[in-house]
Amino acid sequence: SQKDQTVNYPSVILSIHNKDEFLGTWLVSTACQELQEFEYQQQKYSIALRNKKTYFPFWMQLTKFTHEQHSQTDIPKIFASNIDIYNNEGNLQYSSLISMNEPLRDFNKVFYQASFAKNVETLSILQVVDNPWRFSPYISCTLIFLGLLLQFSHKITNNLLKKSKIHE
């Protein structure tokens, strides 16, 4: 949809004050490529708002992109990326398939197949999400299972004791 293709640019209106002096107001945005400057006490300063860069101990290469639509519609049926993951020395570590409902989970991150570029078969858009607690659902399910096991075993034990007292 058109909404998926809209780019949001973080921006801020910044007013700079010294104790007694107003130095100015600027609109700072990641959409602006040029640095904005101001001078204070014969010293020049630059203002910029930049996207945070995160460096990973690996890099990825797209080897194949698959895009299928439901028949006679523009609704995606499958879009998936086959990728090779290399360490920073350039050695192939492994290959992976990232698709709409099958993300890649590694490096405490989750890589989702977010979108793709139409009419370009060599561009795949991934969304990266931090996932430091990826084992928490398994821990939660284990705790629930142990709680249920304890509850049912307590109930069964009580019922067996009651039956043995009745038969005495």
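To be clear, the structure that these remarks concern was listed above.
Quick caveat, the model's predicted, so the values are computed rather than measured.

J.: Mind laying out the pairing of strand S4 (residues 43–47), listing which residues take part and the relevant values?
T.: For strand S3 (residues 36–40) and S4, the ladder comprises five bridges, and the chain directions are antiparallel. Following the sheet pairing, Glu 37 is matched in S4 by Ser 46.

J.: Explain the packing of aromatic side chains to me, and be specific about the residues and the numbers.
T.: The geometry of an aromatic ring pair is captured by the separation of the ring centres together with the interplanar angle, meaning the angle of the planes. A full pass over the atoms with the stated rule returns ten aromatic pairs. Relative to Phe 107, the ring of Phe 58 has its centre 4.2 Å away and its plane inclined at 15 degrees; by these criteria the two rings are stacked. A residue pair is termed long-range when its members are at least 10 positions apart, and Phe 58 in strand S5 (residues 58–69) and Phe 107 in the loop between strand S8 (104–106) and strand S9 (109–116) qualify at 49 residues. Residue classification places Phe 58 among the buried residues on the basis of a relative accessible area of 8%. Three or more aromatic residues joined by ring pairs make a cluster, and in this case those are Phe 56, Phe 58, Phe 107 and Phe 111.

J.: Please set out a nonpolar patch on the surface residue by residue, giving values where relevant.
T.: Among the surface-exposed residues, Phe 135, Tyr 138, Ile 139, Leu 143, Phe 145, Leu 146 and Leu 149 lie close enough to one another that they form a single nonpolar patch of about 790 Å² accessible area. If you trace the backbone, Leu 149 turns up in helix H1 (residues 136–166).

J.: Summarise the sheet that holds S5; cite the residues concerned and give the values.
T.: Taken in spatial order, the three strands of this open sheet run S5-S6-S7, and their pairing is antiparallel. For this open sheet the edge positions go to S5 and strand S7 (92–99), each flanked by a neighbour on one side alone. Here the average twist between neighbouring strands, direction ignored, is 15 degrees. For S5 and strand S6 (residues 76–87), the ladder comprises eleven bridges, and the chain directions are antiparallel. When the sheet's bridge partners are listed, His 67 is paired in S6 with Phe 79.

J.: So what about the environment of Leu 27? Which residues, and what values?
T.: Tracing the backbone shows Leu 27 in strand S2 (residues 22–29). Through-space distance from the C-alpha of Leu 27 to that of Gln 43 is 21 Å; in sequence the pair is 16 residues apart. Sequence-distant contacts of Leu 27, defined by excluding residues within four places in its chain, comprise Ser 11, Val 12, Ile 13 and Gln 36.

Cut-offs used in this document
Residues numbered from 1 in each chain as written. Predicted model: local features only at pLDDT ≥ 70, side-chain atom pairs only at ≥ 80, totals over all residues. Heavy atoms only, no water. Pairing = 2+ DSSP bridges. Helix = DSSP H or I, 4+ residues; strand = E, 2+ residues; numbered from the N terminus. Phe/Tyr/Trp six-rings, centres within 6.5 Å; stacked < 30°, edge-to-face > 60°. Buried < 20%, exposed > 50% of the residue type's maximum accessible area, 1.4 Å probe, protein only. Patch = residues over 30% accessible without salt bridge, like charges linked within 9 Å, V, L, I, M, F, W, Y side chains within 5 Å. Areas by Shrake-Rupley, 256 points an atom, 1.4 Å probe, with all protein chains shown as cover. Salt bridge = Lys/Arg side-chain N within 4 Å of Asp/Glu carboxyl O. Axes fitted to C-alpha atoms, helices over the stretch in contact; angles between N-to-C directions. Contact = heavy atoms within 4.5 Å.

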